[in-house]
Number of protein chains: 2
Amino acid sequence: MDAATQLPTVGMIGAGQLARMTHQAAIALGQTLKVLAGDPAESAAVVSPATVLGDYRDVEDLRGFAKGCTVVTFDHEHVPQEALRALTAEGVDVQPRPEALLYAQDKHAMRTRMAELGLPQPRWAPVDSISDVEAFGLPCVLKAATGGYDGKGVWMIEAPSDAQAVLASGIRLIAEERMPLQRELAIQVARSPRGETAAYPVVETVQTGGICTEVIAPAPHLDPAVAAQAKEIGETVARELGVVGMLAVELFQTSRGLFINELAMRAHNSGHWTIEGAETSQFEQHLRAVLDYPLGSTAAVAPYTVMANVLGGAPGGPRLDERLQHLLADDPGAHVHLYGKAVRPGRKIGHVTVRGDDPDLLRRRALRAAKRLQEGE
Amino acid sequence: MDAATQLPTVGMIGAGQLARMTHQAAIALGQTLKVLAGDPAESAAVVSPATVLGDYRDVEDLRGFAKGCTVVTFDHEHVPQEALRALTAEGVDVQPRPEALLYAQDKHAMRTRMAELGLPQPRWAPVDSISDVEAFGLPCVLKAATGGYDGKGVWMIEAPSDAQAVLASGIRLIAEERMPLQRELAIQVARSPRGETAAYPVVETVQTGGICTEVIAPAPHLDPAVAAQAKEIGETVARELGVVGMLAVELFQTSRGLFINELAMRAHNSGHWTIEGAETSQFEQHLRAVLDYPLGSTAAVAPYTVMANVLGGAPGGPRLDERLQHLLADDPGAHVHLYGKAVRPGRKIGHVTVRGDDPDLLRRRALRAAKRLQEGE
């Protein structure tokens, strides 16, 4: 709590683009967002004066960082459980709590818990040998139980030989059946310690090479019964796992119904559209939830909102500044978010959001805008 | 231009709430907003790591501040002309240029120029004695030619004795007729160096004790011909004065038509509604304009948007944090902006924005929200 402003200080472990956009939301609420960065050039570190340099795996660094924070939360799920449990044992208010966060950190634990809750998910099994994989059945998907993101830690397995190198790495793995997808959806739910929940409209997500490249909100032509089921899944997960803050549940939509793919307990790429597209952005909502504030309206502002990620393009071509100007000239209604990162091929360096009535037209606009920023002309 | 991100650094002289909200917009565009603050506790200084401490009246401080900035602009109009002319003579890109900014700094110069342009304004005259004031006619308004803001530097004169103390202060004054107002309006126009302009919808502003307390966008029940005239006035002023960046023209609406009240060449309180209410916020638009980027869409996002200012209440009562939570519980669709300032009675400490269909209902919601933050319950 800041003495002069009488408003809280939120500590966020991690200083990537999620922390950067949370800083924008914290400014509006009069709060101080303190970020723990590994490097002063990280996305949030370059725009927040309350940056602390340190290692998120080091309990001493975390302890120092937590001092003076009303609550401590995350922009990634890589903080070790032992470190978080040490902090909570010392009275630090960590949200989501380590017991909940575990299910966003460990896919084996998550799959086990979803099964206990009777929630729909792909057939799965822990595997640690070729014979386990063969017994599970091919083709399948191998996933690292911990540490994966943006397609990293996920391997498509057609033949036993594909699994060899993955198994040789010695990381803990689970196998999952490959679902015959119609498309991917995501549901985002905020939950506060007092148990209030607020669900956003169900969105469609489009992945390219394991990276989310487009989000359409709401998911077009979605059967209301399926939307209701997605919301029910999201709220059940939030409640039963004791999530606090934003929860994203990625879902497979198939001819056999919905299946849970992944969980994240933080602001998520599938929710960036909420900055312009919803009454309350996921970043403000996360702050409100972890502080046990009343949650904000999740109503959509426009009939449709589409977000497209901007990935770093190949080196060469016009500078990003020039590309940006071309895009702004081309589409005066495009909302650009750049993350202050050096451009590297394939790296998420920003996103663009457009609002309107026609989802197909919006997708074309958003992709065109993202492409302009990526490659120039 | 930042080497890693290939994006510009904008220098803003002043670190109040306008700079604070501009920092949020600069983050989205991937830019660095460097602010010149007189005190490290100022609104923008507490949220921006690119804060330079210095005196905006000191040309040496300004010179140091301008180093590395792609362009230098303002969150207030109090920088002396000589200092700005020294910077521009040395090749610093200052926007708006001092020759334009003069008309937002000096009401005598502004009134003279508006008269030359044949634009409608109250009858006025420079005055420096009681006999000048009597010759002008009473009642009238006396205004400090320079340095006024938020009702400061404005005196309602009923009798010659009211003018005595004001005249004795020795400041340069103009007298203006008191207009029989129907209401006050404002038009905001962005203009870039290449001459592109973009006008926002005409808004109604409500003043209380000389301070803007409410803005309704668009101005309800406004005759389209009057709206067109307001836009024409705004665009004429922007073009003829060579404004670059955001221009706000405050207007009196009377039974005899529109009359120009004040000019500001920066983001303005009458444009805070654009953060949630327009496709492009005035803060992003100002950055785009001073950088000679293409301008963004000024289209409204909702049928009506209403903004109410939050003034510091009397000491005592619940802390701001508690007041905020009560407000958020009461109105989940309220958009709160707090400026990170210590609470002092009458000081602008934030604003609240609501969007919807019914301007009367929105005004009630916005005022109720602002009152909750001001006084608690």
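In the annotation of an unreviewed UniProt entry, chain A is listed under the name N5-carboxyaminoimidazole ribonucleotide synthase and assigned to Glycomyces artemisiae. Quoted verbatim from the Catalytic activity (unreviewed entry) field of the UniProt record, the comment on chain A reads "5-amino-1-(5-phospho-beta-D-ribosyl)imidazole + hydrogencarbonate + ATP = 5-carboxyamino-1-(5-phospho-D-ribosyl)imidazole + ADP + phosphate + 2 H(+)".

Q: Honestly, the overall build of chain A in this entry has me stumped. Any pointers?
A: The number of helices and strands found in chain A is twelve helices and 17 strands. On C-alpha atoms alone, chain A measures out to a radius of gyration of 20 Å, which is about the 21 Å that the 2.2 N^0.38 rule sets for 377 residues. Seen along its three principal axes, the alpha-carbon backbone of chain A occupies a region of about 60 × 55 × 45 Å. Within chain A, the proportion of its 377 residues that are buried is 61%. In the structure as shown, chain A presents an accessible area of about 13,600 Å², 51% of it carried by carbon and sulfur atoms. Within chain A, the 46 negative side-chain charges are centred at a point lying 2 Å from the centre of the 36 positive side-chain charges.

Q: So what exactly am I meant to see when it comes to the relation of the copies chain A and chain B here?
A: Superposing the two chain copies requires a rotation about an axis and a translation along that axis. With an RMSD of 0.0 Å, the fit of chain A onto chain B corresponds to turning through 180° and sliding 0.0 Å along the axis. Taken together, the rotation angle and the small translation identify this as a two-fold axis. Within chain A, Pro49(A) has its C-alpha nearest the rotation axis, a separation of 2.1 Å. By residue overlap, the copies meet face to face through one surface: 100% of the interface positions of chain A are interface positions in chain B.

Q: Help me out: how do you make sense of the UniProt feature "binding site: ATP" (unreviewed entry) in chain A in this one?
A: Residue and element names in this part refer to chain A. When the UniProt feature table is mapped onto this chain, "binding site: ATP" (unreviewed entry) is found at Lys107, Lys143, Glu184, Asn261 and Glu262. Relative to the helices and strands, Lys107 is located in helix H5 (residues 107–116). We classify Lys107 as buried; its relative accessible area is 14%. When near neighbours in sequence (up to four residues on either side) are disregarded, Lys107 contacts Lys143, Ala144, Ala145, Ile174 and Glu262. Tracing the chain through its elements places Lys143 in strand E6 (residues 140–144). Non-local contacts of Lys143, meaning those with residues more than four positions away in its chain, are made with Lys107, Arg111, Gly153, Val154, Trp155, Arg172, Leu173, Ile174, Glu176, Asn261 and Glu262. Within the structure, Lys143 has its side chain in polar contact with the side chain of Glu176 (distance 3.0 Å).

Q: How should unusual backbone geometry be read in this particular structure?
A: Outside of glycine, negative phi angles account for most residues, and trans bonds account for most peptide bonds. Going from Gln95(A) to Pro96(A), the amide bond is cis rather than trans, its omega being -5°. Within the secondary structure, Pro96(A) sits in the loop between helix H3 (81–89) and helix H4 (98–105). Ala217(B) connects to Pro218(B) through a cis peptide bond whose omega is -10°. If you trace the backbone, Pro218(B) turns up in the loop between strand E12 (211–217) and helix H8 (224–240). Located in the positive-phi region is His221(B), a residue other than glycine, with phi close to 55°. Considering the arrangement of structural elements, one finds His221(B) in the loop between E12 and H8.

Q: Which parts of the structure should I look at to understand the sheet that holds strand E4 (residues 71–74) of chain B?
A: Pairing between the strands of a sheet is mediated by backbone hydrogen bonds and can be parallel or antiparallel. Residues and elements named next belong to chain B. An order of E3-E2-E1-E4 is seen for the four strands of this open sheet, with the pairing classed as parallel. Lying at the two open borders of the sheet, with one neighbouring strand each, are strand E3 (51–53) and E4. Direction aside, the axes of adjacent strands within the sheet are offset by 25° on average.

Q: Could you clarify how one ought to interpret the environment of Pro332(B) in this entry?
A: Tracing the sequence through the fold places Pro332(B) in the loop between helix H11 (320–330) and strand E16 (335–338). For Pro332(B), a relative accessible area of 36% translates into the label partly exposed. Apart from residues lying up to four places away in sequence, Pro332(B) is in contact with Thr280(A), Leu295(A), Gly296(A) and Ser297(A).

Q: Even after reading the chapter, I still don't get the environment of Leu367(B), so can you show me in this structure?
A: All names here are of chain B. You can see Leu367 is positioned in helix H12 (residues 359–375). With relative accessibility at 38%, the residue Leu367 sits in the partly exposed group. Separated by 325 residues in sequence, Leu367 and Glu42 place their C-alpha atoms 26 Å apart. Dropping the residues within four chain positions of it, Leu367 is found in contact with Glu214 and Ala308.

Q: How should I be thinking about the pairing of strand E9 (residues 181–191) of chain A in this particular structure?
A: Side-chain positions along a regular strand alternate between the two faces of the sheet. Residues and elements named next belong to chain A. Judged by how many residues are buried, E9 sits mostly within the fold: nine of eleven residues are covered. Where E9 lies against strand E13 (residues 245–254), ten bridges are found, and the strand directions are antiparallel. Within E13, the residue paired with Arg183 across the bridge is Gln253. One ladder, built from three bridges, connects E9 with strand E11 (residues 203–208); its direction is antiparallel. Bridging across to E11, Ala186 finds its partner in Val203. Examined bridge by bridge, E9 and strand E10 (residues 197–199) share three bridges and lie antiparallel to one another.

Q: Sorry, what's going on with the pairing of strand E13 (residues 245–254) of chain B here?
A: Residues and elements named next belong to chain B. Counting buried residues along E13, ten of its ten residues qualify, which places the element largely inside the surrounding structure. Bridge analysis of E13 against strand E14 (residues 257–264) gives seven bridges, and the strand direction is antiparallel. Bridge pairing in E14 places Thr254 opposite Gly257. Where E13 folds back on E14, the antiparallel hairpin that results is connected by two residues.

Conventions and cut-offs
- Along every chain, residues carry numbers that run from 1 in the direction the sequence is written.
- Starting at A for chains and at 1 for ligands, labels are handed out in the order in which the entities are written.
- Whole-chain, interface and lining totals are the exception, using all residues; otherwise, since this is a predicted model, local features are given only for residues with pLDDT of at least 70 and side-chain atom pairs are given and counted only at 80 or more.
- Note that the side-chain values use all heavy atoms of the structure and ignore hydrogens as well as water.
- UniProt positions are given in the numbering used here, feature names are shortened, and annotations may be inferred rather than shown by experiment.
- In DSSP terms, a helix is any run of H or I states spanning at least four residues, a strand is any run of E spanning at least two, and both are numbered starting from the N terminus.
- For this measure, only C-alpha atoms enter the radius of gyration; the expected value for a globule follows 2.2 Å times N^0.38, where N is the number of residues.
- Relative accessibility under 20% of the residue-type maximum defines a buried residue, over 50% an exposed one, and the middle range a partly exposed one, all with a 1.4 Å probe and only protein chains included.
- Residue exposure ignores everything except the shown protein chains as possible cover, and the areas themselves are Shrake-Rupley values with a 1.4 Å probe.
- Residues scored as charged are limited to Lys and Arg (positive) and Asp and Glu (negative), so that His and the chain ends carry no count.
- By convention, the point assigned to a charge is CZ for Arg, NZ for Lys, CD for Glu and CG for Asp.
- Least-squares fitting of one copy onto the other uses the C-alpha atoms of those residues that reach a pLDDT of at least 70 in both copies.
- Only heavy atoms enter the contact rule, under which two residues are in contact if any of them lie within 4.5 Å.
- We define a polar contact as two N or O atoms separated by no more than 3.5 Å, with the added condition that, inside protein, one atom must be a possible hydrogen donor and the other a possible acceptor, whereas residues neighbouring each other in sequence contribute only through side-chain atom pairs.
- Strands pair, by our definition, only if DSSP identifies at least two bridges between them.
- Between the N-to-C directions of two axes lies an angle of 0 to 180 degrees, each axis being a line fitted to C-alpha atoms and, for a helix, fitted only over the stretch in contact.

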